[in-house]
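Descriptive analysis of the structure
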Amino acid sequence: MAAPIEKPANGTRGTDMPGGKLLQKVLGPLAKMQIGSYRKSGGTDRMSRMMPFPLILLTTKGAKSGAERIVALGGFQEGDGSWLIVASKGGSKTHPAWLNNMIAHPDDIWLEVGKQKMKVHAESLRGVERDEAYSRVATVAPQYGEYPKKTDRQIPVIKLTTVSGS
């Protein structure tokens, strides 16, 4: 079995999310609309097409609440059928909530790609494997190459692999 999901230490510097928690509350309904639009269109909605990389939906169980949490993220398909996601949070000094959720509930992770929803196993990539994967992501989506310059934390790269029988 692969290594568990790992959460490196938070950084001491990084970008602040614009608008902070207030903006997140305001954007909540927009995020729900985006998720609904993604599901209705199978990932071919306008927002998904505007990105230079595929958008996927990640479903986790809240670390504290246990409630279902869904977030749209950049997803990067690997040749072996797995997907990479990057816990960049725009170069913030802290990790995204979905990473905490995955650590707390590693058996409750789902990936939606287009109209396909699959249960996945998540694994933290480490060392050279992580660095090479991050480089591949930054080649497809250059903004990801800028995030490490904004923070001193190590940005986790997570590999998602379909659980057989899902």
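I will try to describe carefully the structure that is included in this document. Predicted, not measured: the structure shown is a model, and the values here were computed from it. (Residues numbered from 1 in each chain as written. Predicted model: local features only at pLDDT ≥ 70, side-chain atom pairs only at ≥ 80, totals over all residues. Heavy atoms only, no water.)

What follows covers the sheet that holds strand β7 (residues 157-162). With respect to topology, seven strands assemble into an open sheet ordered β2-β1-β5-β6-β7-β4-β3, the strand pairing being antiparallel. For this open sheet the edge positions go to β2 (68-74) and β3 (76-77), each flanked by a neighbour on one side alone. Where helix α3 (residues 97-104) meets the sheet, it contacts β1 (55-61), β2, β4 (83-86), β6 (116-124) and β7, and its direction lies at approximately 50 degrees from that of β1. (Pairing = 2+ DSSP bridges. Helix = DSSP H or I, 4+ residues; strand = E, 2+ residues; numbered from the N terminus. Contact = heavy atoms within 4.5 Å. Axes fitted to C-alpha atoms, helices over the stretch in contact; angles between N-to-C directions.)

The next thing to look at is the pairing of β6. Pairing between strand β5 (residues 110-113) and β6: four bridges, direction antiparallel. Within the sheet, the bridge partner assigned to W110 lies in β6 and is K119. Where β6 and β7 come together, five bridges link them in antiparallel fashion. Considered in β7, the bridge of E123 is made with K159.

The next point concerns the environment of K61. Counting through the fold element by element, K61 comes out in strand β1. Note on K61: relative accessible area 29%, which makes it partly exposed. In this structure, the C-alpha to C-alpha distance between K61 and H105, residues 44 residues apart in sequence, is 6.4 Å. Each residue touching K61, except ones within four places of it in the same chain, is listed here: G66, A67, N101, H105 and D108. Separated by 3.4 Å, the side chains of K61 and D108 make a polar contact. (Buried < 20%, exposed > 50% of the residue type's maximum accessible area, 1.4 Å probe, protein only. Polar contact = N/O pair within 3.5 Å; in protein donor to acceptor, adjacent residues only side chain to side chain.)

Let us look at the pattern of salt bridges. Taken as a whole and judged by the stated rule, the model has six salt bridges. In this structure, R126 engages E6 in a salt bridge whose closest nitrogen and oxygen atoms are separated by 3.0 Å. With a gap of 120 residues between them, R126 in the loop between β6 and α4 (127-140) and E6 in the segment before α1 (20-41) connect regions that are remote in the sequence. Looking at E6, the relative accessible area reads 38%, which means it is partly exposed. Ionic pairing is found between R136 and E78, a salt bridge with its closest N-O pair at 2.5 Å. Of the two residues, R136 sits in helix α4 while E78 sits in the loop between β3 and β4, which places them 58 residues apart along the sequence. A relative accessible area of 38% means that R136 is categorised as partly exposed. (Salt bridge = Lys/Arg side-chain N within 4 Å of Asp/Glu carboxyl O.)

Before going further, it helps to spend a moment on α3. Along α3, the positions that sit buried rather than exposed are W98, L99, N101 and M102. For α3, the angular spread of buried residues about the axis comes to 160 degrees, placing them on one side. Against β1, β2, β4, β6 and β7 lie the buried residues of α3. (Arc of directions from axis to C-beta.)

Another aspect to go through is the environment of T12. Mapped onto the elements of the fold, T12 is located in the segment before α1. Among the residues examined, T12 registers a relative accessible area of 67% and is labelled exposed. Measuring from C-alpha to C-alpha, the distance between T12 and D152 comes to 6.6 Å, with 140 residues separating the pair along the chain. In contact with T12, other than residues within four places in its own chain, are K93 and D152.

Before going further, it helps to examine the packing of α4 against helix α5 (residues 143-150). At a minimum axis separation of 6 Å, α4 and α5 run at an interaxial angle of 125 degrees. Between α4 and α5, the interaxial angle falls into the category oblique. Contact with α4, carried on its side by Y134, V137 and A138, involves Y144, G145, Y147 and P148 of α5 and no other residues of that element. Residues of the contact of α4 with α5, tallied by class, amount to six nonpolar, one polar and no charged. (Parallel < 35°, antiparallel > 145°, perpendicular 65-115°, else oblique. Nonpolar A, V, L, I, M, F, W, Y, C, P; charged D, E, K, R; others polar.)

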